[in-house]
Amino acid sequence: MQNTKKVIGIIGNALVAHTDMFGDVTRAYVNSNYVQAVLQAGGLPMIIPPYGDIDIIETYARVCDGFLFSGGNDLDPSLYNEEPMKNIGAFSPDLDSVQLMMFRVFEKTHKPILGICRGLQIINVAREGSLYQDIPDQIPESIQHVQKGSRNHEFHKVMIDSQSQLAEIMNLPLVSVNSLHHQSVKKLGNDLKITAKASDGVIEAIESSDNKIIGVQWHPEDMIYDSKVMNNLFTWLVDHA
Ligand code: MN
């Protein structure tokens, strides 16, 4: 039987992990719920490690039918011409550079791209937007966006713009999401529009004007076991791949 599954490249992260027995090791990884979410949507997940030159990246661009930029650390604020503020988290210029290069190559294929959390931020910064480096510092009236406890909890609400592709996907004007971020979009990048906001005005979702790219600031992959509507985002990615 011919395999008709769509290959979804999940762009991974790098981290230095301490092991008790074998010292510090650098790992290329994604959290398994991204893999599970793509499987549940009927796609074939392929983890893309955040390494490689332009030839390697162009090969991934050909091999994959769609792309998922996963969550992770902060971005280097010099990418949007700012000095680091006091509450910025850890960032890695090498990781930023390869993931930004991947986004620029992958978007040229016009294959669908879903960005989650840091993934949304990569999209916005690649399109010359900027970020709030720390929401509590810079938006004093903001609600809490870093929930304690379980990652799958519905923590705060977001209002979805009815004139967006996201509204079609979610089919709800108001949706409860989890929240595990301390940064968010400040200046919107080129050819992007805001499609969802929290009650404090923090931007929670963006999409491209050609409908090929969607970014969400929450973590739908951690909600797929409890929420039908969160699976719709991954189904969109696989169905448009
Ligand atoms: Mn939030």
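Everything discussed here concerns the structure shown above.
Right, let's walk through the structure included here. Predicted model, so just to flag it, every value in this text is computed and none were measured.

To continue, consider helix α2 (residues 54-63). Those residues of α2 lying buried are I57, Y60 and A61. All buried residues of α2 project into a common sector of 105° when viewed along the axis, lining one side. α2 presents D55 and R62 as exposed residues on the side facing more than 90 degrees away from its buried surface. On its buried face, α2 is in contact with β4 (44-48), β5 (66-69) and α3 (93-107).

Core analysis: the biggest nonpolar cluster contains 35 residues, and L68, L166, M170, W218, L233 and F234 have the highest contact counts within it. At the level of secondary structure, the elements contributing two or more residues to this core comprise β1 (7-11), α1 (32-40), β6 (113-116), β8 (156-160), α6 (165-170), β9 (174-177), β13 (213-216) and α7 (228-239). Take this core: its biggest share by element is seven residues, from α7. Other than its neighbours up to four places away in sequence, L166 contacts I160, N171, T195, A196, A205, E207, V216, W218 and L233. Counting 29 residues, the second largest nonpolar core, distinct from the first, contains F69, V98, V105 and L192.

This part is about the coordination of the manganese ion. Coordination of the manganese ion by the protein comes from H145 (ND1), H156 (NE2), S179 (OG), H181 (NE2) and E204 (OE), over a distance range of 2.2 to 2.3 Å. Written as a sequence motif, the donor arrangement for the manganese ion is H-x10-H-x22-S-x1-H-x22-E. In this pair, H156 sits in strand β8 while H181 sits in the loop between β9 and β10 (184-185), placing the two residues 25 residues apart along the sequence.

To continue, consider the sheet that holds β8. Strands belonging to one sheet form pairs held by backbone hydrogen bonds; the direction of such a pair is parallel or antiparallel. If you walk across this open sheet you meet the nine strands as β4-β1-β5-β6-β13-β12-β11-β8-β9, and the pairing is mixed. Edge strands, defined here as strands with exactly one partner in the open sheet, are β4 and β9. Going from strand to strand, the sheet's axes swing by 20° on average, the running direction of each strand aside. Of the pairings in the sheet, the one linking β8 to strand β11 (residues 192-198) comprises three bridges and is antiparallel in character. Bridging across to β11, M159 finds its partner in K197. Its contacts with the sheet put α2 on β1, β4 and β5, and the angle it makes with β4 is roughly 175°. Seen against the sheet, helix α4 (residues 118-126) touches β5, β6, β11, β12 (203-208) and β13 and runs at an angle of roughly 115° to β6.

A complete count under the given rule lists six salt bridges for this structure. When the shortest N-O distance is used, the salt bridge between D96 and R118 registers 2.8 Å. Here D96, found in helix α3, pairs with R118, found in helix α4; they are 22 residues apart in sequence, far enough to count as distant. The pair formed by D96 and R118 is uniform in burial state, with each residue classed as buried.

Two faces belong to every sheet, and in a regular strand the side chains alternate between them. Both faces of β6 are covered, namely the face carrying I113 and G115 and the face carrying L114 and I116. In this structure, β5 lies alongside β6, joined through three bridges in parallel fashion. The residue of β6 that forms the bridge with F67 is I113. Taking the sense of rotation as the criterion, the β-α-β connection linking β5, α3 and β6 turns out right-handed.

A few words now on the packing of α3 against α4. Put simply, α3 and α4 touch, their axes get as near as 10 Å, and they point 70° apart. Classified by the angle their axes make, α3 and α4 are roughly perpendicular. In contact with L95, D96, Q99, L100, F103 and R104 of α3, α4 contributes R118, I122, I123 and A126. The residue makeup of the contact of α3 with α4, split by class, is six nonpolar, one polar and three charged.

Taken N-terminus to C-terminus, the directions of α2 and α3 make an angle of 45°; their axes are 10 Å apart at the nearest point. Accordingly, the angle class assigned to the pair α2 and α3 is oblique. Once α2 is placed against α3, the crossing between them reads as right-handed. Residues I54, I57, E58, Y60 and A61 of α2 lie in contact with α3, whose contacting residues are V98, M101, M102, V105 and F106. The residue inventory of the contact of α2 with α3, partitioned by class, reads nine nonpolar, no polar and one charged.

Parameters at a glance
Numbers given to residues run from 1 along each chain, matching the order in which its sequence is written. At least 70 in pLDDT is required for a residue's local features to be given in this predicted model, at least 80 for side-chain atom pairs to be given and counted, and no such filter applies to totals for whole chains, interfaces and linings, which use all residues. With hydrogens and water stripped out, all remaining heavy atoms of the structure feed into the side-chain values. To sort residues, take the accessible area from a 1.4 Å probe on protein chains only and compare it with the maximum for the residue type: under 20% means buried, over 50% means exposed, and anything in between is partly exposed. By definition, any uninterrupted DSSP run of H or I lasting at least four residues is a helix, any uninterrupted run of E lasting at least two residues is a strand, and each is numbered from the N terminus. Summarising the geometry, the arc corresponds to the directions from the helix axis toward the C-beta atoms. Should any heavy atoms of two residues lie within 4.5 Å, those residues are considered in contact. Among buried residues, the Ala, Val, Leu, Ile, Met, Phe, Trp, Tyr and Cys ones that are joined through side-chain atoms within 4.5 Å form a nonpolar core. Note on donors: an N, O or S atom is included if it sits within 2.8 Å of the metal, or within 3.2 Å for Na, K and Ca, and water is never included, so sites can look incomplete. For two strands to pair, DSSP has to find at least two bridges joining them. Note on method: axes are straight lines fitted to C-alpha atoms, helices fitted across the in-contact stretch only, with angles between N-to-C directions ranging 0 to 180 degrees. Any carboxyl oxygen of Asp or Glu that lies within 4 Å of a side-chain nitrogen of Lys or Arg is treated as forming a salt bridge with it. With the strands pointing away from the viewer, any crossover whose connection runs clockwise from the first strand over the helix to the second is right-handed. An angle counts as roughly parallel when it lies under 35 degrees, as roughly antiparallel when it exceeds 145, as roughly perpendicular when it falls between 65 and 115, and as oblique in every other case. For this classification, Asp, Glu, Lys and Arg are treated as charged, while Ala, Val, Leu, Ile, Met, Phe, Trp, Tyr, Cys and Pro are nonpolar and the rest, including Gly, are polar. Throughout, a crossing is termed right-handed when the near helix is turned clockwise from the far one, and left-handed when it is turned anticlockwise from it by less than a right angle.

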